[in-house]
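Single-letter residue listing:
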Amino acid sequence: MTYIPHTDADREAMLKVIGVDSLAELFDAVPAEHRFPALGLPEGMSEMEVAWELGGLANSNVAAHHFAIFLGAGAYNHFIPSVVNHVLLRGEFYTAYTPYQPELSQGTLQAIYEYQSMMCALTGMEAANASHYDGATSLAEAVTVARVHYRGKRTKVILSPSVNPEYRAVARTYHQGSDMKFVGDKGNATIPDLIDMLDEDTALLVVSYPNFFGQIDELGGLAQAVHEAGALLCMVVDPIALGLFKTPGELGADIVVGEGQPLGIPLSFGGPYLGFFATNQTLVRKIAGRIVGETIDKNGRRAFVMTLRPREQDIRREKATSNICTNQGLMALAACVYMSVMGKTGLRKVAELCYHKAHYAAEQINKLDGFSVDTSKPFFKEFVVTCPKPVAELNDVLLDHWGIIGGYDLSQHYPDRANQMLLAVTEMNTKDEIDTLAEALSQHDTPHHHDHAH
Amino acid sequence: MTDETTTTTNGAPPPLEPLIYDLSSPGRTGAILPDPDVPEATLPDSLLRDRLDLPEVSEIDVVRHFLRLSRFNYSIDQGFYPLGSCTMKYNPKLNEDMARLPGFAQVHPLQDPSTNQGALALMHELQNWLAAISGMAGVSLQPAAGAQGEFAGILMIRAYHLANGDPGRNVIIVPDSAHGTNPATTAMAGLKVVEVPSDANGDVDLDKLREVCGDTIAGMMITVPNTLGVFERNIEAIIETIHGCGGLMYMDGANMNAMMGIARPGDLGFDVMHYNLHKTFSTPHGGGGPGSGPVAVGEKLLPFLPGPVVSVVDEGSEDEPPLYGLTMPEKSIGRLKAFYGNFGMLVRAFAYIAIHGAAGLKDVTQHAVLNANYIRARLKGTYPMPIDRICGHEFVCQGHFGADEKAGESGTESHEIHALDIAKRLMDYGFHPPTNYFPLIVPEALLIEPTETESKESCDAFVEAMLAIAKEAGENADLLHNAPLTTPVGRVDEVRAAKQLVLCCKPDIADVPSVDVPSVDVPPVVEPPAADLPTPDDSSLPAKQAEPDEGPEPKS
Ligand SMILES: Cc1ncc(COP(=O)(O)O)c(C=O)c1O
């Protein structure tokens, strides 16, 4: 009987101790007319049958292990060293609960502490929490921190339109019942335009670095302007880009959030991912989620423990600023192992590989008739190509004839960006793949019988 | 290794394990990466950072470090973990393999739906199954955890009343036994919490409930079975009362392990609920997530579901399978996260439901409830039970002994034993403690949830340990006050952690020369339940530490 170890003799003995005659009798308190309903579910299966069924479903998907992929827009096909998954598969880590009992959780606690330390180093900030659900909810929680910081006296959030559209949508979902107002992202506002929107009601200004179009905006002077208006600056960042580019800390950010998926976490159709959240000492008591701190045990030995607990829902209840409880702990461990094994030089190298390959791809595509790459600003691993026809049509050709998963169709979220494709190039894309992509795009008009899946 | 290397300069014992940064050596790396196969572009110097303080370690350093760390954890794979409200059941290995199939793990969420029909079909089926198990009309798999499912549910209730032109409904009723996420969720949604008390039987006090009902009520959140582990006997009357005043009923489904095939929330009259796939459906807790908290709703709330959800966009035909797509419900409260939910957890839950089927899930619940009642029956008489009746998948008892024996006049220690002491002492017996100090309405609560995957033998072993500890409480209170004695670290100083607030190591530690790994003679947690436990060596015990000023914290 699946994973239940009881024998008939066990059941009989146990019922006797309880003092009832049958299992059914244990449910007498449930209203009789609703008790023991039939559930419309298929019959149970054996382990091998379940594996076959799921194997079949998995095989019917087009996946990055058989196709060249140039799709990013918030989730990226980066290399994951084998060691990451091997650590995640330690039952000691993945079958443990949240580390409420520090005496039995030093493994998880120290790993989170190390993760926090690495996120601080990566972002140039002073404190990081143990995780949020994903990059989008990290941003929503940053808005909450700003609301709490100003005690509701400032209610305006200025969002750059080049923050990931799904993140902006989630921030709005989270705050539909609060008094926070979101402005700035309806048109094509530039950084100076956003600065012009700052006023005494502004709690938070949010920019993306690199922005959703892969570009590094000129951010000099932004933090100063935001702080002069008495507001906070939040930056949404790509952690791989931080292997190369100046830290948000250096640029004056008060809160840094982002999606940690590129740090050793598979694409997995959108989750589970890792929301990271870093800030300064001044705001740390207002942030949500688990935070691990260093302390000692009763013998004076160094130990780690979840700290600043009175911020959280189980203690503060309706006065807590967030309800978050279970977060993405194991994904933080993945990022911690990834950053350990990549280290100082490895992460820089990954970032450089992305940079070089993306620039090579941009150059090849920019040469093609009818295609032009936006090179108006420096970019990292993604760039925008204006194409001669709708992106969806091109992507069909790429997939059907060339075995390539094409780029993101920007017109889905930006109506004035018809025919604009956002391409992502990572260390996983070979020169061959890039050349094939360029060739495929150059021939988009010629009918052909090419089958290139590798 | 000499003694000097195993104790630090101030005489404190050495750390269990160095920080990964302490293992760092300039110039070392664990990354084996290729050189660029394209011409190198010029890097924009003025935009670059000048240092990146990540560790510099080899792959074997990483493997050994994390393996050693793992041994300082307690886990389900190692032993009994009766953490009430958390459903620490066995996490089947099959599920881990299934979620890692490349056809799932390497699919990008923004691919054209025609290229990920397998993933969408799985989600569609799971939506249907979760609707069937709950008796609800529709499901969204978006929420990333239970708390986010609650948030979705309360936002839907809010949106429903707004859509009905009824903005005055801004109160959510929450029983005083509720989990902390319930009131926190309500506040996040911009609604007010009104608490109702429970009566002596652990049921919601119906008279008090009727008193607070009125036209400001948006709804009520309630856990079934409740957080004390018992089926609310007045559940139908409660639902009628709330519906009667125009409110909607939310069920916190964290305790669905006591409900599968027993009763469907939709049949009982609930309008909306969340599941914790990381409890009921065996997806691992991961040391703090990821979880998954799908929301299920009745007809009324269908248009408000968070999206996107998976629907059939083309029925297909005899030789064409249906075409699945992602759609946004008509009046959706919006997206709760990027993309579509914690998909990897959905694969695991799918495998779990597929292997069990309807009959198997009912078996799961029946045996979870059998185990809980068995342990309850065996501990009754030794541990006070505030609610003395058949329980669901968990029950609460009180861990409090010797309250009458006040501290001696001349500074001798109190013999009073608290739930915390019992929890810590259980560690010495090789068990994870139950949830303690939750629910808040029971003083000195120990909330015990064995789950169905524990055998009679492991339930018995736990009972024996609990009985032995009760005996120790009377004979040797110090033993309990000083527990645990066999864990990698002893009781930790939480006050110090909050005061000094060291939340990350200063990365320039990486610049100091690397140190040898100290040989740590602390046993890993893998202690067999010890027959003859070490007695405390008084000379090595430091003075009692200050308790955290917040008082004991609920742990769930
Ligand atoms: C009764 C109850 N409700 C809600 C939750 C919150 O679920 P999660 O931790 O998945 O957010 C929990 C779990 O801790 C719980 O026990």
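Residues numbered from 1 in each chain as written. Chains lettered and ligands numbered in written order. Predicted model: local features only at pLDDT ≥ 70, side-chain atom pairs only at ≥ 80, totals over all residues. Heavy atoms only, no water.

Undergrad: So what about helix 13 (residues 431-442) of chain A? Which residues, and what values?
TA: Residues and elements named next belong to chain A. Along its twelve residues, helix 13 runs 16 Å from first to last C-alpha, staying within 8% of the 16 Å computed at 1.5 Å per residue. Residues of helix 13 that are buried: Glu433, Ile434, Thr436, Leu437, Ala438, Ala440 and Leu441. Packing partners of the buried residues in helix 13 comprise strand 1 (68-69), helix 11 (329-366), helix 12 (391-402), strand 13 (404-405) and strand 15 (420-424). (Helix = DSSP H or I, 4+ residues; strand = E, 2+ residues; numbered from the N terminus. Expected span 1.5 Å × (residues − 1). Buried < 20%, exposed > 50% of the residue type's maximum accessible area, 1.4 Å probe, protein only. Contact = heavy atoms within 4.5 Å.)

Undergrad: Hey, could you go over the packing of aromatic side chains for me, with residue numbers and the actual values?
TA: Scanning the entire structure with this criterion turns up 26 aromatic pairs over all chains. Taken together, a centroid distance of 5.4 Å and an interplanar angle of 70° make the contact between Tyr383(B) and Phe401(B) edge-to-face. Of this pair, Tyr383(B) sits in the loop between helix 11 (343-379) and strand 10 (395-398) while Phe401(B) sits in the loop between strand 10 and helix 12 (419-428), and the two are 18 residues apart along the sequence. Across the pair, Phe401(B) and Tyr383(B) agree in class, each one buried. Taking the ring centre of Tyr150(A) as reference, the NZ or CZ of Arg154(A) above it sits at 5.1 Å. Across from the ring centre of Phe213(A), 3.9 Å away, lies the NZ or CZ of Arg417(A), which sits over that ring. (Phe/Tyr/Trp six-rings, centres within 6.5 Å; stacked < 30°, edge-to-face > 60°. Lys NZ or Arg CZ within 6 Å of the ring centre and 35° of its normal.)

Undergrad: So, the site of the ligand: which residues are in play, and what are the values?
TA: Around the ligand there are 15 residues in total, and Thr326(A), Ser85(B), Asp252(B), His278(B) and Lys279(B) lie nearest to it. The ligand is flanked by residues contributed from chains A and B. At 3.3 Å from an oxygen atom of the ligand is found a side-chain nitrogen or oxygen belonging to His179(B). Contact between the ligand and His278(B): an oxygen atom at 2.6 Å from a side-chain N or O atom of the residue. When the free accessible area of the ligand is taken as 390 Å², the share hidden by the protein chains comes to 100%. Among the elements that make up the shell around the ligand, the one with the highest residue count is helix 6 (residues 146-163) of chain B (three residues). (Near = heavy atom within 4 Å. Polar contact = N/O pair within 3.5 Å; in protein donor to acceptor, adjacent residues only side chain to side chain. Areas by Shrake-Rupley, 256 points an atom, 1.4 Å probe, with all protein chains shown as cover.)

Undergrad: If you had to explain the packing of helix 6 of chain B against helix 7 (residues 181-188) of chain B to someone new, which residues and values would you point to?
TA: Residues and elements named next belong to chain B. Close contact between helix 6 and helix 7 brings their axes to 9 Å; oriented N to C, the two are set at 45°. By the angle between their axes, helix 6 is oblique relative to helix 7. When you trace helix 6 past helix 7, the crossing you get is right-handed. Listed contacts from helix 7 to Ala147, Glu150, Phe151 and Ile154 of helix 6 are Thr181, Asn182, Thr185, Thr186 and Met188. (Axes fitted to C-alpha atoms, helices over the stretch in contact; angles between N-to-C directions. Parallel < 35°, antiparallel > 145°, perpendicular 65-115°, else oblique. Left-handed = near helix turned anticlockwise from the far one by under 90°.)

Undergrad: An account of the domain arrangement of chain A is needed here, citing residue identities and associated values.
TA: Residues and elements named next belong to chain A. One can read the domain layout of chain A as domain 1 (64-78 + 344-442) and domain 2 (82-338). Here the C-alpha centre of domain 2 lies 28 Å away from the C-alpha centre of domain 1. Interface of domain 1 and domain 2: buried area, both sides summed, is about 2,300 Å²; carbon and sulfur atoms make up 63% of it. Our count for the domain 1 to domain 2 interface comes out at two salt bridges. The shortest N-O distance in the salt bridge between Asp238 and Lys381 comes to 2.9 Å. Taken together, the connections running from domain 1 to domain 2 amount to nine residue pairs in polar contact (both at pLDDT 80 or more). Residue composition of the side of domain 1 that touches domain 2, by class: 19 nonpolar, five polar and eight charged. (Domains from an automatic or database assignment. Buried area = accessible area lost by both parts, 1.4 Å probe. Salt bridge = Lys/Arg side-chain N within 4 Å of Asp/Glu carboxyl O. Nonpolar A, V, L, I, M, F, W, Y, C, P; charged D, E, K, R; others polar.)

Undergrad: Explain the sheet that holds strand 10 of chain B residue by residue, including any values.
TA: Within a beta sheet, neighbouring strands are joined by backbone hydrogen bonds and run either parallel or antiparallel to one another. Residue and element names in this part refer to chain B. Reading across from one edge, 10-12-11 is the order of the three strands in this open sheet, with antiparallel pairing throughout. In this open sheet, the two edge strands, each paired with only one partner strand, are strand 10 and strand 11 (435-436). Of the strands in this sheet, strand 10 and strand 12 (445-448) are in contact with helix 11, which crosses strand 10 at around 20°. (Pairing = 2+ DSSP bridges.)

Undergrad: Kindly report on the interface of chain B and chain A, identifying the contributing residues and their values.
TA: Taken residue by residue, the interface counts 211 residues in chain B and 186 residues in chain A. Summed over both sides, the interface of chain B with chain A buries roughly 17,300 Å², with 65% coming from carbon and sulfur. For the pair chain B and chain A, the interface holds six salt bridges. Lys357(A) serves as the salt-bridge partner of Asp37(B), at 3.0 Å between the closest nitrogen and oxygen.

Undergrad: Report on the packing of helix 5 (residues 106-123) of chain A against helix 2 (residues 59-70) of chain B, specifying residues and quantitative values.
TA: It is the contact of helix 5 of chain A with helix 2 of chain B, at a shortest axis distance of 7 Å, that shows an interaxial angle of 135°. Between helix 5 of chain A and helix 2 of chain B, the angle is such that the two are oblique. Counting all contacts with helix 5 of chain A, which are made through Gly107(A), Gln110(A), Ala111(A) and Glu114(A), the residues of helix 2 of chain B involved are His65(B), Phe66(B) and Leu69(B). Of the residues contributing to the contact of helix 5 of chain A with helix 2 of chain B, the split by class is three nonpolar, three polar and one charged.

Undergrad: Now, about the domain arrangement of chain B: what can you tell me, with residues and values included?
TA: For an interface, size is often stated in terms of accessible area lost upon the parts coming together. Residue and element names in this part refer to chain B. Split into domains, chain B comes out as domain 1 (95-102 + 109-356) and domain 2 (358-511). At the interface, 30 residues of domain 1 touch 26 residues of domain 2. Of the roughly 2,000 Å² buried at the junction of domain 1 and domain 2 (both faces included), carbon and sulfur atoms supply 63%. Considering only the side of domain 1, the residues that lose the most area to domain 2 are Leu228, Asn257 and His356, jointly responsible for 31% of the buried surface there. Remark: the boundary between domain 1 and domain 2 carries one salt bridge. Residue Arg389 is joined to Asp203 by a salt bridge in which the shortest nitrogen-to-oxygen separation is 3.4 Å. At the junction of domain 1 and domain 2, the tally comes to eleven residue pairs in polar contact (both at pLDDT 80 or more).

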